[in-house]
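Report on the structure
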Amino acid sequence: MSHYNVATDLDDTLWMWMGITIGVLWVATLVLAVVLFFSPIGDPASRWAVRLGVLVALGGMAVGLLMLRPTPEQASADVETVVGAHSVGVPDGGPGMPLTGWSLTGGDLRIPHFVGMHGLQALPLLAMVLGVSAGRRFRLVLVGAAGYVGLIVLLTWQALRGQPLLRPDAATWAALGLLTVAVGVGAASVLRTPHR
């Protein structure tokens, strides 16, 4: 177990250096974001898709910080061997989804972490596939970015409540419905606005 393992001095040192490396990569991505905000990139839709994508990716990476908190069981243990977890409400390593290993029985913070980090690919891809005028593409990218951030917040909220991705409760379904309607209304508003 490489993550959260503090059972021995070696494990603790490896985990510490892993954390330092993650911090360095996060700061490097932040520097990249600053550079991208001052770089001339094609049309406005592509420019903002890349800029917002890297900001979303930074947020997705930051979700990983939530995994560093000790679970209630870890906090009450006499001896620390593991501090932090991917799963919420269940122990790490339980039944998981194929390929990803995401928890089938509890919340899993790897889900919003994964979705968030891939905003850097998702938003530019959205800008590339939109077959509308430049002005509408730009506004649709903004709507898409807002919806993507909303999805990350929703997935984080679901995971923190110890709820498996594939078994959402009524509140999660309602929030997803509201998010879907908001994005749909935003997109429809952009598409119905007369082209200039």
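The numbering scheme is per chain: residues are counted from 1 as the chain's sequence reads. Restriction of local features to residues with pLDDT of at least 70 applies here, the model being predicted, together with a cutoff of 80 or more for giving and counting side-chain atom pairs; totals for whole chains, interfaces and linings are based on all residues. Where side-chain values are given, they derive from all heavy atoms of the structure, hydrogens and water being excluded.

**Side note on the packing of helix α5 (residues 119–129) against helix α6 (residues 134–160)**
The condition is simple: Geometry is summarised by axes, namely lines fitted to C-alpha atoms with helices restricted to the contacting stretch, and by angles between N-to-C directions that run from 0 to 180 degrees. Runs of E in the DSSP output that reach at least two residues are strands. Runs of H or I that reach at least four are helices, and both are numbered from the N terminus. Small angles under 35 degrees read as roughly parallel and large ones over 145 as roughly antiparallel, with 65 to 115 read as roughly perpendicular and the rest as oblique. If you view the pair so one helix is near and one far, a crossing is left-handed when the near helix is turned anticlockwise from the far one by less than a right angle, and right-handed when it is turned clockwise. When checking whether two residues touch, look at their non-hydrogen atoms; a contact exists if any pair is within 4.5 Å. Residues are sorted three ways: Asp, Glu, Lys and Arg are charged, Ala, Val, Leu, Ile, Met, Phe, Trp, Tyr, Cys and Pro are nonpolar, and all the rest, Gly among them, are polar.
Relative to each other, α5 and α6 sit at 150°, their axes nearing to 9 Å. As summarised for this structure, α5 and α6 are arranged roughly antiparallel, according to the angle between their axes. The two elements α5 and α6 meet at a crossing, and its hand is right-handed. Judged by residue contacts, Gly119, Ala122, Leu123, Leu126, Ala127 and Met128 of α5 engage Arg137, Leu140, Val141, Gly144, Ala145 and Tyr148 from α6. Tallied by class, the residues present in the contact of α5 with α6 amount to nine nonpolar, two polar and one charged.

**Section: the confidence of the model for the protein**
This is how the line gets drawn: Scored from 0 to 100, pLDDT reflects the predictor's confidence in each residue.
Averaged over the protein, the pLDDT score is 89; the fraction of residues at 70 or greater is 97%. In the model of the protein, helix α3 (residues 72–76) stands out as the element of lowest mean pLDDT, 76, in contrast to helix α7 (residues 170–192), which has the highest, 96.

**Quick notes on the packing of aromatic side chains**
The description of an aromatic ring pair rests on the distance of the ring centres and on the angle between the ring planes. The following threshold applies: Between 30 and 60 degrees the pair is tilted, below 30 it is stacked and above 60 it is edge-to-face, where a pair is any two Phe, Tyr or Trp rings, Trp via its six-membered ring, whose centres lie within 6.5 Å. Here the term buried applies to any residue with accessible area under 20% of the maximum for its type, exposed to any over 50%, and partly exposed to those in between, with areas from a 1.4 Å probe on protein chains only.
Tallied over the full model, the rule gives two aromatic pairs. Between Phe37 and Trp48, the aromatic rings sit 5.6 Å apart at their centres with planes inclined by 80°, giving edge-to-face as the arrangement. Of the two residues, Phe37 sits in helix α1 (residues 9–37) while Trp48 sits in helix α2 (residues 44–63), which places them eleven residues apart along the sequence. Looking at Phe37, the relative accessible area reads 29%, which means it is partly exposed. Residue Trp48 is classed as partly exposed on the basis of its relative accessible area, which comes to 27%. For the ring pair Trp102 and Phe114, a centre distance of 5.6 Å and an interplane angle of 65° mean the geometry is edge-to-face. Residue Trp102 is found in the loop between β1 (87–88) and β2 (107–108), and its partner Phe114 is found in helix α4 (residues 110–117); the two are separated by twelve residues along the sequence.

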